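Here's the letter readout for the chains.
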Amino acid sequence: MAKRSSLSIRIVEGKNLPAKDISGSSDPYCIVKVDNEPIIRTATVWKTLCPFWGEEYQVHLPPTFHAVAFYVMDEDALSRDDVIGKVCLTRDTLAAHPKGFSGWAHLTEVDPDEEVQGEIHLRLEVVARPRGRRLRCSVLEARDLAPKDRNGASDPFVRVRYNGRTQETSIVKKSCYPRWNETFEFELEEGTAEALCVEAWDWDLVSRNDFLGKVVFNVQSLWAAQQEEGWFRLQPDQSKIRRGEGSLGSLQLEVRLRDETVLPSGCYQPLVQLLCREVKLGTQGPGQLIPLIEETTSTECRQDVATNLLKLFLGQGLAKDFLDLLFQLELGRTSEANTLFRSNSLASKSMESFLKVAGMRYLHGVLGPIIDRVFEEKKYVELDPSKVEVKDVGCSGLHRPQTEAEVLEQSAQTLRSHLGALLSSLSRSVRACPAVVRATFRQLFRRVRERFPSAQHENVPFIAVTSFLCLRFFSPAIMAPKLFHLRERHADARTSRTLLLLAKAVQNVGNMDTPASRAKEAWMEPLQPTVRQGVAQLKDFITKLVDIEEKEELDLQRALSLQVPLVKEGPLFIHRTKGKGPLMSSFKKLHFSLTTEALSFAKTPNSKCVNELNQWLSALRKVSISNPGLLGSYHPGIFRGDKWSCCHQKDKSDLGCDKTRSRVTLQEWNDPLDHDLEAQLIYQHLLGVEAALREKHRELSAGTEAGSVPTGPGEAAEDALAQLLRVLRDLQEAHRSSPANSPPSEPNRLLALQT
């Protein structure tokens, strides 16, 4: 049993940001920190004061986190990036919004005295002396202090204040992990309301000392405890007056906190077995729970429910059967072929999630080279005559204006080249497509052909496949490659327009070049020869894609199961120090590959993939989370000469001075499945719609009693629904009796001391 917390974060856009560059604009990006640990960096949006990001992240983190902060920065090529402002959301603020915090938040000024981090280790005692009681404060050590000096460290000391007296520790030079082991005593007056204040400072020889954080204690609480010891989180100094709200612009955010108590696996088995039985029975059996779940699920949470159900059935080896059931349900209520899978139904949302979970590497293999080529060429492309910008062309001194016809022709040639390359790459990728994806498309193709068998609907099975593969998978990735990890940065305005036009062309091919798709934008006509040729290529590709037998599917899955799962791959720079001085340091670029079993590297890459440092840290934490030999602490510095550079300890085998942070991770589509967590999320959703399910059960019961002869499917659906309600009741009782939800037998006096 464990408590798990997660944050769903969507960084939408900013507006009215101040200009930080001499051009009167800014180059903004966002950094997200959880308790001062950077976990996310968005792309930079160039030359704008109203940037749009639209980036979404799922973060798993410890339930004990305190706050999440969003910093808006201005990127500078030649100097240090400027801080524009920040938005800070505490855990309590997020917990007060069960459906999530959503809206605009004013950026506030970033004050150095408020940007603190780290913890301090203290021992507090009330000791008896002949002349009365005294308060003893032992300052032992600190860790992860903010680096305030240009050398990447600080020169910290501690100032202890109580009842008008101030005492200070010695200064530890060049360390963010100092150890003092110094003790101070103060006369203690019973009944006084004076607080004990412990402040950490960075000593500076010339300028003003920098504030590193403080901890304030209620001394009256110590009279009963007599002694307390522990690590305390440093708090900011919030006594200063900030700049008026709104003067730094605003940030639109959507942040939702979810706290889940995950029970042991055995508690979820009845729910999992019941849902799996319903999927195995399909539409031919009496099972009707999946349609009921879809009926009672609102549009707002349909994507989350679809993803959770899909991952649950993936873990049970029933993803293909689950999707096949949804296909049949959708086909059963669709009368017009041209509306098939066009709505945001559970089938459409589940298939979207399935392709991202099972087909992301396949997408990278097909689209990666084409997207890279578009970014590298940076050509001006435009097909809409109303948007054409005429440029000067020619050699120096021989400039002439380029005609509109020349711009349109060159643009059409460029797009035909990109579209042709994409279709060729797709045609060659049949064997590279995962077996489970091919088998799912085979089921979809067969079901649609059975539902619409006439000659006039000959293209409908092909369009059903392309509605997911092209319209809901490839096209969104082409328009926003950053969100699909195809590129590290968002495209500029020129490249974005090229990608949009290419995505439109792919959609026309996916629609099988229907008259309706051609009529929307007549200026796409120059691409029609390539589109028509692409339709033939795509139909041939789909015919081969769905031509997979059960034996071939099993063989491909077996071969895949023997491969070690890849978690991350990409380039990293290795810093090598050959001696003292800046000229003795060098950086070497190596291409790393991380699997669940090993971390390896090579001089040249096997595939193109850009990863940021926080993604690598997150990936390393994921593969290490079940490591029984994982250390609780480590040294963030190096052992040079006769001491550790971080804490100055002289024993090389000394315990680490910083704690291992293994619980803040970014969720990726290729993460290992967590069956218990998915079952818990499904249970939480069903619990939220329990009233609707009970009402449905009453309707089914009334219908069965009113009929002279019980109807088989209705009676079976009633039985399955009754079982589901019993399972929900049992899980609810298990949660009530779980130790995680029980109040602690004794209050934590250590935390009660901190104010």
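Computed from a predicted model, the values in this text were never measured in an experiment. (Residues numbered from 1 in each chain as written. Predicted model: local features only at pLDDT ≥ 70, side-chain atom pairs only at ≥ 80, totals over all residues. Heavy atoms only, no water.)

On to the overall build of the protein chain. Helix and strand content of the protein chain: 19 helices and 26 strands. Looking at the protein chain as a whole, 48% of its 755 residues are labelled buried. The long-range share in the protein chain, meaning contacts at least 24 apart out of those at least 6 apart in sequence, stands at 70%. Of the roughly 37,800 Å² that the protein chain leaves accessible, carbon and sulfur atoms contribute 51%. (Helix = DSSP H or I, 4+ residues; strand = E, 2+ residues; numbered from the N terminus. Buried < 20%, exposed > 50% of the residue type's maximum accessible area, 1.4 Å probe, protein only. Contact = heavy atoms within 4.5 Å. Areas by Shrake-Rupley, 256 points an atom, 1.4 Å probe, with all protein chains shown as cover.)

Below, the discussion takes up the pairing of strand β10 (residues 156-162). Across the seven residues that make up β10, a large majority, six, are buried. For β10 and strand β11 (residues 165-168), the ladder comprises four bridges, and the chain directions are antiparallel. Across the sheet, residue Arg161 finds its bridge partner in β11, namely Thr166. (Pairing = 2+ DSSP bridges.)

This next bit is on the packing of helix α8 (residues 404-427) against helix α13 (residues 528-545). Two numbers describe how α8 lies on α13: the axes approach to 10 Å, and their chain directions differ by 10°. Relative to α13, the element α8 is oriented roughly parallel. Here Arg416, Leu419, Gly420, Leu423, Ser424, Leu426 and Ser427 of α8 lie close against α13, whose contacting residues are Thr530, Val531, Gly534, Gln537, Leu538 and Phe541. Among the residues forming the contact of α8 with α13, the class breakdown is six nonpolar, six polar and one charged. (Axes fitted to C-alpha atoms, helices over the stretch in contact; angles between N-to-C directions. Parallel < 35°, antiparallel > 145°, perpendicular 65-115°, else oblique. Nonpolar A, V, L, I, M, F, W, Y, C, P; charged D, E, K, R; others polar.)

Let's shift gears to the environment of Tyr29. You can see Tyr29 is positioned in strand β2 (residues 28-34). Judged by relative accessible area, which is 4%, Tyr29 ranks as buried. With 54 residues separating them in the primary sequence, Tyr29 and Val83 have C-alpha atoms 10.0 Å apart. Every residue in contact with Tyr29, bar those within four places of it in the chain, is listed here: Arg41, Thr42, Ala43, Thr44, Trp53, Tyr71, Val72, Met73, Asp74, Glu75 and Asp81. Within the local environment of Tyr29, its side chain forms a polar contact with the side chain of Asp81, the two groups lying 2.6 Å apart. (Polar contact = N/O pair within 3.5 Å; in protein donor to acceptor, adjacent residues only side chain to side chain.)

Right, let's get into the nonpolar core. Ranked by size, the top nonpolar core spans 108 residues in total, and within it Leu367 and Phe441 carry the most contacts. Per element, the largest residue contribution to this core is 15 residues, and it comes from helix α7 (residues 346-377). Residue contributions to this core reach at least three from each of two domains, namely domain 3 (268-316 + 670-705 + 713-736) and domain 4 (334-390 + 403-556). With residues near it in sequence (within four places) discarded, Phe441 still touches Met351, Leu355, Val465, Phe468, Leu469, Leu545 and Val546. (Core = buried A, V, L, I, M, F, W, Y, C linked by side-chain atoms within 4.5 Å. Domains from an automatic or database assignment.)

Moving on, we get to the sheet that holds strand β3 (residues 37-41). Reading across the sheet, the four strands line up as β3-β2-β5-β6 and stay open at both edges, with antiparallel pairing between neighbours. The open sheet is flanked by β3 and β6 (82-90), the only strands paired with a single partner. Geometrically, the sheet is characterised by an average inter-axis angle of 25° between neighbouring strands, direction not taken into account. Here strand β5 (residues 67-74) pairs with β6 via eight bridges, running antiparallel. Bridged to Val72 within β6 is Gly85.

A separate point is the side chain of Glu75. With respect to the helices, strands and loops of the structure, Glu75 is situated in the loop between β5 and β6. Glu75 gets classed as buried once you look at its relative accessible area, which sits at 15%. Within polar-contact distance, the side chain of Glu75 engages the side chain of Arg41 at 2.9 Å.

This part covers the packing of aromatic side chains. Evaluated as defined, the whole model comprises ten aromatic pairs. Between the aromatic rings of Phe341 and Phe468, the centroid separation amounts to 5.2 Å while the plane-to-plane angle is 55°, which identifies the pairing as tilted. Within this pair, whereas Phe341 is found in the loop between α6 (319-332) and α7, its partner Phe468 is found in helix α10 (residues 460-479), the two being separated by 127 residues in sequence. With relative accessibility at 1%, the residue Phe341 sits in the buried group. Judged by centre distance (5.4 Å) and plane angle (75°), the rings of Phe639 and Trp644 are edge-to-face. Taking NZ or CZ as reference, Lys15 lies 4.3 Å from the ring centre of Trp104, over its face. The ring centre of Phe375 lies 4.3 Å from the NZ or CZ of Arg487, which sits over that ring. (Phe/Tyr/Trp six-rings, centres within 6.5 Å; stacked < 30°, edge-to-face > 60°. Lys NZ or Arg CZ within 6 Å of the ring centre and 35° of its normal.)

It is worth spelling out the sheet that holds strand β13 (residues 195-202) at this point. Sheet architecture is open: four strands sit in the order β11-β10-β13-β14, paired in antiparallel fashion. Across the chains shown, the open sheet's two edge strands, defined by having one partner strand only, are β11 and β14 (210-218). Sheet twist, expressed as the average angle between the axes of neighbouring strands with direction ignored, equals 20°.

With that settled, consider the confidence of the model for the protein chain. Note that predicted coordinates carrying low pLDDT should not be read in detail. Averaged over every residue, the pLDDT of the protein chain is 82; residues scoring 70 or more account for 81%. Confidence drops under a pLDDT of 50 for residues 392-396, and excluding neighbours within four residues, the segment shows eight contacts in the predicted structure. For the stretch residues 559-564, pLDDT sits under 50, and the model shows three contacts to residues farther than four places along the chain or on other chains. (pLDDT = per-residue confidence, 0-100.)

Applying the stated rule across the entire model yields 36 salt bridges. Its salt-bridge partner being Lys86, residue Glu115 comes within 2.8 Å of it at the nearest N-O pair. Residue Glu115 is located in the loop between β7 (101-106) and β8 (119-129), and its partner Lys86 is located in strand β6; the two are separated by 29 residues in the primary sequence. When the shortest N-O distance is used, the salt bridge between Arg447 and Asp324 registers 2.8 Å. Taken together, the positions of Arg447 in helix α9 (residues 435-451) and Asp324 in helix α6 put the pair 123 residues apart, joining distant regions of the chain. Exposure remark for Arg447: the relative accessible area of 23% places this residue in the partly exposed category. Within the structure, one salt-bridge network assembled from shared partners comprises Glu125, Arg134, Arg136 and Glu185. (Salt bridge = Lys/Arg side-chain N within 4 Å of Asp/Glu carboxyl O.)

With that out of the way, let us pick up unusual backbone geometry. Negative phi values dominate among residues other than glycine, just as trans dominates among peptide bonds. Phi at Asn181 is positive, roughly 55°, even though this residue is not glycine. Overall, the relative accessible area of 57% leaves Asn181 in the exposed class.

In this model, helix α3 (residues 265-281) (17 residues) spans 24 Å end to end at C-alpha, consistent with the 24 Å of a helix rising 1.5 Å per residue. Along α3, the largest kink reaches about 30° and is centred on Leu271. For α3, the full list of buried residues reads Tyr268, Leu271, Val272, Leu274, Leu275, Cys276, Glu278 and Val279. (Expected span 1.5 Å × (residues − 1). Bend = angle between axes of the 7 residues up to and from the residue.)

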